[in-house]
Structure formats: structure tokens, C-alpha cells
Amino acid sequence: MGKVNSITSPAPKGGVSYKQISIEYENMPVILKPVYTGICGTDRGIVNGALQFAYCPPGYSDLALGHESICKVVSAKSNEFGIRSGDLVVPQVRRPGKCLNCATGRSDNCSDGDKHEAGITGMHGFMREEFGDYPEYLLKVSSDSIREVGVLTEPLKNVEKAFEVYEVASRRSISTDRFGSLSEKRAIVIGTGSEAFLYALKCRDYGFQTLITNRHPVDDLKMKFLDAAGVEFFDYTKEHRDSKGWDLVIDTSGDPGTILRFLRKTNNNGNIILFGTNGKAPATGIDGQDIDYIIERNIFLIGSVDGARVHYERALQDLERWNAQYGDRLKSLITHRFSPQDTSVFTKKDPLEIKSVIDWSM
Ligand code: DN4
Ligand code: BGC
Ligand code: ZN
Ligand code: ZN
């Protein structure tokens, strides 16, 4: 059994270590080494014990973390799915259970919850100096130009899936403006973390007037990035930009009070995507007038989690396109790099962070 250095957590208790754990992987069809692994709100939630749904694989008291990654193929037993040694790949997070959605490639819409997620629920993740996987769960990265930003493929696939749901939801009425476009429609993204930035870029691609907000100001680097992308920032505790209402509200904060604040300014036929999760957020009151508001305006509340293979493929295409469009600006989304030994990144978030990654060559 291979003992490899891994970043682990005794989920769901919380805590984090860099240590050797024994995980059998040598007989797996593809052997991989991570190049970069990203850290997101979910990893920090596991480490601070806030995600009670996280758990270790059977027989283990530690879970190897990591679901955002770009990896190098060390060896591939067959060349199934075109995966060859030397390739750069992104492994999928979610692994199917037995329900019909899982059986048809849509474990993101699993109907009985009997699936696993690498580094989150019952399956070891990718923060291991070497590990094995199956070729059908690997997405090939065809361009070396996105070697580093390729680590954003996994978080971006969530955005691609949420927009697929938005497309379905927005078909119920004429959702475009008098020019047949979205140039007069207004999207607001709540939160200024990495998922929020990716959502904002996608809103711009759709043609929305796009605003992003938080309850405090953001630093210059974030402002420069947003300027380049044509996204306006405002601090909603100081400024109100609601006078024209919102056609699309995307929440990445998971804070019910903040969501309600923007919900109450959503336009007729508006869509609200709930994406942020924060089990520790304070409760807030929703009253009969809020319910009337939602009903009378045909407002659609969308919950969206994860994404399927097709969304990873779209994410890779978008990253290549954005890389050509924004160049170094896109790369500036990766603000912090850590060595695998330095686990402080799981317990502290620098206010200047957009995306922190672990560089496995350090
Ligand atoms: P993150 O970097 O923690 O982003 C959360 C953002 O929300 C930060 O910018 C927070 O600001 C901001 N925020 C918190 N409270 C408020 C508030 N009251 N008003 C305005 N902004 C607020 O995490 P991430 O970008 O990695 O992920 C975003 C969220 O989506 C997390 O809750 C994840 O757990 C969740 N998530 C869901 C899925 C899925 O459904 C996938 C990945 C992540 P600051 O206080 O940090 O400045 O598939
Ligand atoms: C991942 C999703 C996963 C979710 C679970 C996220 O960080 O990106 O793939 O389904 O966590 O809550
Ligand atoms: Zn994540
Ligand atoms: Zn399922």
C-alpha cells in the first residue's frame, strides 16, 4: 500500500495536517501528480468543522482533501479517453451513485444523494503527492497556456452548470431587452471571492450590465481586474444601486439577510441563483410581503450545485478564450501560492486573496 504525503482532515470534526497516509492507488489505470490544487470555501468549511456532510472513506479516520486541481499524468495503462502520460488533466470531483441521473452522466443532479465527492464526501481528494484515478473522470487540458489558470476549471464548472439552469429558467418569458440582447438587463453578484469573480465574467459574456458587491470595499488588484472585465463594484452598506432593480441575482455569500435585501429589489421575471453555503450564517425573517413579492413578480429561485462533464468542457473552453481576451489579468485571479507543507491557508484567508493554490513543485 502506497504511503504518500497528503493534506488531510479528520472530517467532519475539522482540523488539517500534512502527513503520510496509506492509500492503495498503484493498480489504478491512471497515475497522477498534482501540479496545482486550489483552495475554496468548501475546503475551509471542512477544516473548520462547519461542513457536517463531509466524511472520510470507509476504514479511514482522515480524508485527503482537494477537489480543485490540475494534474500531470505519470502513466496511463491504456490510452482510453485519449489520456496519455505527460498530459495535463483536470479530474472530476463527483463520482456517480446508482440513481438514473448518475447513470446518465448527471451525478451533479443526483436524485438520492448516494454519490461521492473527492476530498469532500467519502472519497480521498487530490491533495496527495501522487494518486490514481480512472480515465473516464479526467478532462484533458489541450493547451499548456492555461497550465496555471486551469486550476479554475473545477470552480468554473459550477458556474457553467448554474448558467445552464438559468437558461432553462429564463425561457419562461421574454428575458431579453428591446434590442433582443441583455445590454439593458442588470446582474448583481453578491460576494467577491473566486466563484463570484467567475460568475461576474460569465455575466459579462452574456452581455449583462454586471455589478458585484460586498459589505466592505475591495483592494486595488480586485478593482483593476473588475475594471478590465467591465464589472462595477459597490459596497452595499455604503451605496445603493437598486433603482433599476435586478434581473439576475447571484449569491455566493450564503447570508440569508443579504440575499433577502437583494431579493426585495428583483425585477419582474427575475432569476435568483443561490450558490453560496454558510451553515453558520444567522437566521433572518422572511414575511408574507416577501412571499407576495416573489409570487406577483414571477421570480424564480434557483439552487445550483456542482456540474457535469459537459460543464468542465465548457469551463476549459471559457478559460482558453478568457486567457486570450484578458491575458495576465486572468492569471492575476491566482493571488497566492503555498507549498503543500504550509497548511495555514486553510485556516486564514488573506483579504487580498482571490484564489489561493498549492504549488506541488514547491
Ligand atoms: P469565498 O471566497 O468564501 O466567497 C464567499 C464570498 O462571500 C466572500 O467574498 C465573502 O466576503 C462574501 N460574503 C460573505 N458574507 C457576505 C455578506 N453578508 N455580504 C456580502 N458578501 C459576503 O468562497 P468561494 O468563492 O470559493 O465560494 C463561494 C460560496 O459558494 C461558498 O459558500 C462555497 O461554499 C459555495 N460553493 C458552492 C458550490 C456549489 O454549489 C461550489 C463551490 C462553492 P469576505 O467576507 O470573505 O470578504 O457547487
Ligand atoms: C464543489 C462542488 C461540490 C460542492 C459540495 C464545491 O466546492 O466545487 O463540486 O458539489 O463543493 O458542496
Ligand atoms: Zn470548491
Ligand atoms: Zn445519484
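Residues numbered from 1 in each chain as written. Chains lettered and ligands numbered in written order. Predicted model: local features only at pLDDT ≥ 70, side-chain atom pairs only at ≥ 80, totals over all residues. Heavy atoms only, no water.

## Re the site of ligand 2
Okay, so step 1: As a structural note, the neighbourhood of ligand 2 is formed by Cys40, Thr42, Phe53, His67, Arg94, Glu117, Ile120, Glu154, Lys157, Asn158, Val305 and Asp306.
Okay, so step 2: Contact distances for ligand 2 include 3.0 Å between an oxygen atom and a side-chain N or O atom of Asn158.
Okay, so step 3: For ligand 2, whose unbound accessible area comes to 310 Å², protein coverage reaches 86%.
Okay, so step 4: A total of three residues in the shell around ligand 2 trace back to one element, the largest contributor, which is helix α3 (residues 153-170).
Okay, so step 5: Along the lines of polarity and charge, the residues of the shell around ligand 2 split into four nonpolar, three polar and five charged. (Near = heavy atom within 4 Å. Polar contact = N/O pair within 3.5 Å; in protein donor to acceptor, adjacent residues only side chain to side chain. Areas by Shrake-Rupley, 256 points an atom, 1.4 Å probe, with all protein chains shown as cover. Helix = DSSP H or I, 4+ residues; strand = E, 2+ residues; numbered from the N terminus. Nonpolar A, V, L, I, M, F, W, Y, C, P; charged D, E, K, R; others polar.)

## Quick notes on the nonpolar core
Okay, so step 1: By size, the foremost hydrophobic cluster in this structure holds 69 residues, and its most contacted members are Tyr199, Ile212, Leu248 and Phe346.
Okay, so step 2: The leading source of residues in this core is helix α4 (residues 194-206), at seven residues.
Okay, so step 3: Counting only domains with at least three residues in this core, you end up with domain 1 (2-140 + 334-359) and domain 2 (157-303).
Okay, so step 4: Apart from the residues lying within four places of it in its own chain, the contact partners of Phe346 are Ile7, Val16, Ile39, Asp43, Arg44, Val47, Leu65, Met127 and Ile358.
Okay, so step 5: In terms of nonpolar packing, the next biggest core, distinct from the first, is built from 14 residues, Ile190, Phe234, Leu263 and Ile299 among them. (Core = buried A, V, L, I, M, F, W, Y, C linked by side-chain atoms within 4.5 Å. Buried < 20%, exposed > 50% of the residue type's maximum accessible area, 1.4 Å probe, protein only. Domains from an automatic or database assignment. Contact = heavy atoms within 4.5 Å.)

## Comments concerning the coordination of the zinc ion (ligand 4)
Okay, so step 1: Taken together, Cys99 (SG), Cys102 (SG) and Cys110 (SG) make up the protein donors of the zinc ion (ligand 4), found 2.3 to 2.4 Å from the metal.
Okay, so step 2: Each donor residue of the zinc ion (ligand 4) lies on the same chain, and together they follow the pattern C-x2-C-x7-C. With a gap of 11 residues between them, Cys99 in the loop between β7 (94-95) and α2 (100-103) and Cys110 in the loop between α2 and β8 (116-118) connect regions that are remote in the sequence. Comparing Cys99 with Cys110 shows no difference in burial state: the two are buried. (Donors = N, O, S within 2.8 Å, 3.2 Å for Na, K, Ca; no water.)

## Brief notes about the domain arrangement of the protein chain
Okay, so step 1: We note that the domain assignment places domain 1 (2-140 + 334-359) and domain 2 (157-303) within the protein chain.
Okay, so step 2: Each partner contributes to the interface: domain 1 provides 12 residues, whereas domain 2 provides nine residues.
Okay, so step 3: Roughly 860 Å² is buried in total at the junction of domain 1 and domain 2, and carbon and sulfur atoms are behind 53% of that figure.
Okay, so step 4: Looking at the side of domain 1 facing domain 2, the largest losses of area belong to Arg106, Leu352 and Ile354, adding up to 47% of the total buried there.
Okay, so step 5: Taken together, the links from domain 1 to domain 2 amount to two salt bridges.
Okay, so step 6: For Asp108, the salt bridge goes to Lys161, with nearest N and O atoms at 3.0 Å.
Okay, so step 7: Where domain 1 meets domain 2, there are six residue pairs in polar contact (both at pLDDT 80 or more). (Buried area = accessible area lost by both parts, 1.4 Å probe. Salt bridge = Lys/Arg side-chain N within 4 Å of Asp/Glu carboxyl O.)

## Some thoughts on the layout of surface pockets
Okay, so step 1: Counted as a void, the second largest pocket has a volume near 340 Å³.
Okay, so step 2: Together, 19 residues line the second largest pocket, and Ile23, Met28, Met123, His124 and Arg128 are the ones closest to its centre.
Okay, so step 3: Counting residues per element, the lining of the second largest pocket draws most heavily on strand β10 (residues 131-133), at three residues.
Okay, so step 4: Considered class by class, the residues forming the lining of the second largest pocket number 11 nonpolar, four polar and four charged. (1 Å grid on protein atoms, 1.4 Å probe; cavity = no way out; pocket = protein on both sides within 12 Å on 5 of 7 lines; lining within 4 Å. Points joined across faces, edges and corners; volume = space filled by probe spheres on them.)

## So, the sheet that holds strand β13 (residues 209-214)
Strand pairing in a sheet relies on backbone hydrogen bonds. The paired strands run either parallel or antiparallel.
Okay, so step 1: The strand order across the open sheet built from six strands is β14-β13-β12-β15-β16-β17, with neighbouring strands paired in parallel fashion. In this open sheet, the two edge strands, each paired with only one partner strand, are β14 (231-235) and β17 (300-303). Strand-to-strand twist across the sheet, computed as the mean angle between neighbouring axes with direction ignored, equals 20 degrees.
Okay, so step 2: Across four bridges, strand β16 (residues 266-274) lies against β17 in parallel orientation. Directly across from Leu274, in β17, lies its bridge partner Gly303. (Pairing = 2+ DSSP bridges. Axes fitted to C-alpha atoms, helices over the stretch in contact; angles between N-to-C directions.)

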